[in-house]
Amino acid sequence: MENVIVWFLLATSIAFAQEPVELDLTEAVSYALEHKADAEKARLDVDNADAQIAEVRANALPNLSANAGTTYNALLQENILPGEIFGAPGESIAVAFGRKWNSTANVQLSQTIFNQAVFVGLKAARSTKEFYQLNAKLTNEEIIEKVATAYYQVYQSQQTLENLQSNLELTEQTLKIVKGLYDNGLAKKIDYDRSIVALNNLKSNRQQAINAVDLSENALKFMIGMAIDQEITLPEQSFQPTFLPGIEFGISDRTELELLDKQIELLEWKKKSTVAEYYPSASLSANYGWLGQGDEVPLWNGEDKGVFWSDLASVSVNISIPIFNGGATSARVRQNQIEIDKAQEDLQETKLSLQLAYENATAQLENSFLTIDTQEENVALAQEVLEDIQSNYELGLASLNDMLDAERELSTAKNNLTNAQLEYKLAEVALLKSQGKLETLKENNL
């Protein structure tokens, strides 16, 4: 009975997992930002930055340590002393110092009074966290871009399948017409056979389109971090342009630029940390300890067993002043400045590339918008031509080649329209990215 219950629960859970999940673009992006490994690793980097700040801060806080130990001196070291000390002039006497057992316990406190490198490191650590936060934001934007692209490609493959299905239905109608004419002796057998071949070819193309839909859906599921065996459906929506081209925002909001600015800031802190090696440093240390000596283990014995305990304490201030290290610090400062200069060049190059991406995306958006308008007209015209040729074929005024060509032209026009719509959507994504507005895709489900 228990096995039956377990099997039932397992079967129920599997069946539940296989229920299709409907995803619009907003839901797909949100799911990816929550489940995709890249997004999670970016969040962990931010958490790791907090740990780095705590580590650097520890260098400015008091450091307290304690140690203890017991030593057994199997052979005591002997020192040679003049005999006059012991009343034996002219002789040398070997004397062993210490006792067989020594026990120590010591507590040490140290505190940095002044260390420019520590203070610079604290400020740099805070900038490091801001850097990781910006990097996490950029990672999320990259995920949004990839998810949107994969999402629209699913729509394209589905639309292509619908176009093939529509063309298949037209060819089936053509086959019925040809068969009727052939049965009545008004069409040749070769026309009937060619219609069957055309229908079979379309069926094969439809199967390929079905496979393309499956592949694009799997790519989308992988992109958002969803189990590949989970079925998904996309809601019905228009695969049409959602806003007109010509809107200008510039590139000032790009996370890539903020990230490069923060990277330059970190390099500046790195240089300041190197310069801090020129500064003197000061620290305070204090020690307090106990020492036990005797011929017995001191830990649990006292003077009655010949064990004597004494304490000791010290306080010291340490000052370190760098004077000359062969120019090593100066060389590192120059290296740091070169890294800053290179990062500045990267920033300028990135600004130029982002401007190029913005101009290209705007041009692509405008071109795709015009192409969609043209292809919509082509589809309407191809549909009219096909209807006219079908009527003429039935009247014997057009050939089968004309009708099959018209069907292919209609199919091509529909696929061209679908491709133009996809290019427009991808240009939308590229334009929003160039403007630093990718979050719009998540918020408005464009």
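Here the residue numbers are simple positions, counted from 1 along each chain's written sequence. Under the rules for a predicted model, residues below a pLDDT of 70 receive no local features and side-chain atom pairs below 80 are neither given nor counted, while totals for whole chains, interfaces and linings still include all residues. Excluding hydrogens and water, the side-chain values take into account all heavy atoms of the structure.

**Overview of the packing of helix H4 (residues 116-183) against helix H6 (residues 255-275)**
Here is step 1: Orientation of H4 relative to H6, taken along the N-to-C sense of each, is 160°, at an axis distance of 9 Å. For the element pair H4 / H6, the angle class is roughly antiparallel. The handedness of the crossing between H4 and H6 comes out as left-handed. Along its contact with H4, which presents Val120, Lys123, Ala124, Ser127, Thr128, Glu130, Phe131, Leu134, Asn135, Lys137, Leu138 and Glu141, the element H6 presents Thr255, Glu256, Glu258, Leu259, Lys262, Gln263, Glu265, Leu266, Trp269, Lys272 and Ser273. For every element, the axis is a line fit to its C-alpha atoms; helices are fit only across the contacting stretch, and the angle between N-to-C directions ranges from 0 to 180 degrees. Here a strand is any run of E in DSSP of at least two residues, a helix any run of H or I of at least four, and the numbering for each starts at the N terminus. Between 65 and 115 degrees an angle is taken as roughly perpendicular, under 35 as roughly parallel, over 145 as roughly antiparallel, and anywhere else as oblique. Note: crossing handedness is left-handed where the near helix turns anticlockwise from the far helix by less than a right angle, and right-handed where it turns clockwise. By definition in these notes, contact holds between two residues if any of their heavy atoms fall within 4.5 Å.

**With respect to the environment of Ile340**
Here is step 1: Mapped onto the elements, Ile340 comes out in helix H7 (residues 328-394).
Here is step 2: What makes Ile340 buried here is its relative accessible area of 2%.
Here is step 3: For the pair Ile340 and Leu267, spaced 73 residues apart in sequence, the C-alpha separation works out to 6.0 Å.
Here is step 4: Not counting the four nearest positions on each side in its chain, Ile340 is found in contact with Ile264, Leu267, Glu268 and Lys271. Burial classification: accessible surface area is computed with a 1.4 Å probe over protein chains only, and a residue below 20% of its type maximum counts as buried, one above 50% as exposed, and the rest as partly exposed.

**Side note on the nonpolar core**
Side chains of a nonpolar character, in soluble globular proteins, are inclined to be buried together.
Here is step 1: Nine residue types can take part in a nonpolar core, namely buried Ala, Val, Leu, Ile, Met, Phe, Trp, Tyr and Cys, and a core is a set of them joined through side-chain atoms within 4.5 Å. Judged by nonpolar contacts, the single largest core of 34 residues is most densely connected at Val178, Leu386, Tyr393, Leu400, Met403 and Leu410.
Here is step 2: Among the elements of the structure, H4, helix H5 (189-224), H7 and helix H8 (400-434) are those that each provide at least two residues to this core.
Here is step 3: The element that contributes the greatest number of residues to this core is H8, accounting for 11 residues.
Here is step 4: When sequence neighbours within four positions are dropped, the list of residues in contact with Met403 reads Thr174, Val178, Leu386, Ile389, Gln390 and Tyr393.
Here is step 5: Counting residues in each nonpolar core, the second largest holds 25 residues, with Ala150, Tyr151, Tyr152 and Leu220 among its members.

**A closer look at a negative patch on the surface**
Here is step 1: On the surface, a cluster of negative charge is made up of Asp341, Glu345, Asp346 and Glu349.
Here is step 2: Relative to the elements of secondary structure, Asp346 occurs in helix H7. Each patch is built from salt-bridge-free residues with over 30% relative accessible area, joining like charges within 9 Å and nonpolar side chains (Val, Leu, Ile, Met, Phe, Trp, Tyr) within 5 Å. Areas reported here follow the Shrake-Rupley algorithm with a probe of radius 1.4 Å; residue values treat only the protein chains shown as occluding. One speaks of a salt bridge when a side-chain nitrogen belonging to Lys or Arg is within 4 Å of a carboxyl oxygen belonging to Asp or Glu. Charge counting treats Lys and Arg as positive and Asp and Glu as negative, with His and both chain ends excluded. A single reference atom marks each charge: NZ on Lys, CZ on Arg, CG on Asp, CD on Glu.

**Quick word on the packing of aromatic side chains**
Each aromatic ring pair is summarised here by two numbers: the centre-to-centre distance and the angle between the ring planes.
Here is step 1: Within 6.5 Å between ring centres, the rings of Phe, Tyr and Trp (the latter by its six-membered ring) count as paired, and their orientation is classed by plane angle as stacked under 30 degrees, edge-to-face over 60, tilted in between. Taken as a whole, this structure holds six aromatic pairs when the rule is applied.
Here is step 2: When the centroid spacing of 5.6 Å and the interplanar angle of 65° are considered together, the rings of Tyr151 and Tyr155 count as edge-to-face. Highlighted residues: Tyr151 and Tyr155, both in helix H4, separated by four residues, approximately one helical turn. Per residue, the accessibility class of Tyr151 equals that of Tyr155, and both read buried.
Here is step 3: Ring centres of Tyr288 and Trp290 lie 4.8 Å apart, and the angle between their planes is 90°; on these two criteria the pair is classed as edge-to-face.
Here is step 4: Tyr288 gets classed as partly exposed once you look at its relative accessible area, which sits at 32%.
Here is step 5: Using a relative accessible area of 37% as the deciding quantity, one classes Trp290 as partly exposed.
Here is step 6: Counting as a charge over the ring demands two things of the Lys NZ or Arg CZ atom: a distance within 6 Å of the ring centre and an angle within 35 degrees of the ring normal. If you follow Lys36 out to its NZ or CZ, it ends over the ring of Phe222, 4.0 Å from the centre.
Here is step 7: A cation over an aromatic ring shows up here: Lys272 above the ring of Trp269, its NZ or CZ 4.5 Å from the ring centre.

**A look at a nonpolar patch on the surface**
Here is step 1: Taken together, the side chains of Ile113, Phe114, Phe119, Tyr278, Tyr279, Leu284, Val315, Val317, Ile319, Ile321, Ile323 and Phe324 make up a nonpolar region of the molecular surface, amounting to roughly 1300 Å² of accessible area.
Here is step 2: At three residues, the largest contribution of residues to the nonpolar patch is made by strand E8 (residues 308-320).
Here is step 3: Looking at the secondary structure, you find Leu284 in strand E7 (residues 281-294).
Here is step 4: For Leu284, a relative accessible area of 34% gives the class partly exposed.

**A short note on the pattern of salt bridges**
Here is step 1: A full pass over the atoms with the stated rule returns 13 salt bridges.
Here is step 2: For Glu339, the salt bridge is made with Lys270, and the minimal N-O distance between the two is 3.4 Å. With Glu339 in helix H7 and Lys270 in helix H6, the pair connects residues that are 69 residues apart, well separated along the chain.
Here is step 3: The class of Glu339 is partly exposed, set by a relative accessible area of 31%.

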